[in-house]
Amino acid sequence: MLRAVAGGRTLLLSALLWRLAAAAGNPELPTAVNITWSSINFKTILQWQPKPSGYFYTVEVHGQTSDTKKKCILTAETECDVTDVLRNVRETYTAHILSVTSSGMDNFEEPPFAVSEKFTPYSQTVLGKPEIQNYTQKGSKLNVVFQDPLTPYTFPNGSFQSIRDIFQHDLEYKLYYWKDQSSGKKDATTKSHTFEVSVDSTKNYCFYVQGIIPSRRENRNGQESMVLCTSVGRNLLDEYGAEVFIIIAVIAIAAITLAIVLSVILCKRKKAKAAREKEPLNGV
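Analysis parameters
Residues numbered from 1 in each chain as written. Predicted model: local features only at pLDDT ≥ 70, side-chain atom pairs only at ≥ 80, totals over all residues. Heavy atoms only, no water. Core = buried A, V, L, I, M, F, W, Y, C linked by side-chain atoms within 4.5 Å. Buried < 20%, exposed > 50% of the residue type's maximum accessible area, 1.4 Å probe, protein only. Contact = heavy atoms within 4.5 Å. Helix = DSSP H or I, 4+ residues; strand = E, 2+ residues; numbered from the N terminus. Polar contact = N/O pair within 3.5 Å; in protein donor to acceptor, adjacent residues only side chain to side chain. Pairing = 2+ DSSP bridges. Axes fitted to C-alpha atoms, helices over the stretch in contact; angles between N-to-C directions. Phe/Tyr/Trp six-rings, centres within 6.5 Å; stacked < 30°, edge-to-face > 60°. Lys NZ or Arg CZ within 6 Å of the ring centre and 35° of its normal.

(A) Spatial organisation of the nonpolar core. Core analysis: the largest hydrophobic core is formed by 44 residues, its most contacted members being Trp48 and Leu86. In this view, Trp48 contacts Ala32, Val33, Asn34, Ile35, Tyr57, Val59, Glu77, Thr78, Glu79, Cys80 and Ile97; residues no more than four positions away in its chain are not counted.

Now the structure itself:
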């Protein structure tokens, strides 16, 4: 009876020691720091430090309602593309960055790891730059047509989903426009792919387009598209500015003045030469 009790205590003690060892992991391996999520149009990269030496990293992505998924197993890099395991963009995720040796994945000990901040793609990915497809300024109307940025995710037919396909009515776009060589901006909002705004028909305008998610508390404004300018009615003064014309005028005046001075000098020399040639004749 005593032997049975002693044996049971030994087994219990062994189990406790095993659990403590598993929880402690390998204290000699450093864990990741400065873990950040970098996401544009749902293309999401997990980054961290430091560069490993003598060990590797493995990434585990944990969702609130989804199964844990492993990425970048035994990597020596300090970043990992986790886009394909974040397809449920409304899910909130955390990442565990495990520090492991090449043989550490085969035993039952839990390796040391660091945990990232929570990340929800739908509310935190940055909206990329819209692409301006066409623009015209006819009379007092400026028309701009643009295209939604694409995401890495695809439909069943293989075509890429745009950010509009995911955000739908939560997505808006703003057009910022201003008179060329002026700093006063105006803006207009649309949920479509086009803008039509009233402008001064005698002036040229510059503009850009930017995606917006008004319902967000952070990261509401996306990246700005390329700035483009119309060229209707653009004259030399608009193109080069008054300073260039002033410089040209100064050069022209200097050239005219030099020409007049040279003409006067040449004229005086001719008269002096003619006078010298007449002197011997007068002497005879």
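Now that the structure has been shown, we can carry on.
(B) Local environment of the side chain of Thr58. With respect to the secondary-structure elements, Thr58 resides in strand β3 (residues 56-63). A polar contact is formed between the side chain of Thr58 and the backbone nitrogen of Leu74, at a distance of 3.0 Å.

(C) A look at the sheet that holds strand β9 (residues 141-147). Pairing within the open sheet is antiparallel, and its three strands lie in the order β8-β9-β14. A single partner strand is all that each edge strand has here, and the edge strands are β8 (131-138) and β14 (194-198). Averaged over all pairs of adjacent strands, the angle between strand axes in this sheet comes to 15°, irrespective of strand direction. Bridge analysis of β9 against β14 gives five bridges, and the strand direction is antiparallel. Its bridge partner being in β14, Val145 is matched across the sheet by Thr194.

(D) Structural view of the side chain of Lys71. Relative to the elements of secondary structure, Lys71 occurs in strand β4 (residues 69-75). The residues touching Lys71, leaving out its near neighbours within four places in the chain, are Thr58, Val59, Cys80, Asp81, Val82, Asp84 and Val85.

(E) Just the packing of aromatic side chains, in detail. Counted under the stated rule, the structure contains twelve aromatic pairs. When the ring of Tyr55 is compared with that of Tyr57, the centres are 5.5 Å apart and the planes differ by 80°; the resulting orientation is edge-to-face. Pairing Tyr122 with Phe167 gives two aromatic rings, centres 4.9 Å apart and planes at 50°, and the pair type is tilted. Of this pair, Tyr122 sits in helix α2 (residues 121-124) while Phe167 is found in helix α3 (residues 163-167), placing the two residues 45 residues apart along the sequence. What makes Phe167 buried here is its relative accessible area of 2%. A network of ring pairs unites the aromatic residues Phe42, Tyr122, Tyr153 and Phe167 as a single cluster. One cation-aromatic arrangement involves Arg90 over Tyr122; the distance from NZ or CZ to the ring centre is 3.9 Å.

Read these as geometric descriptors, not functional statements.
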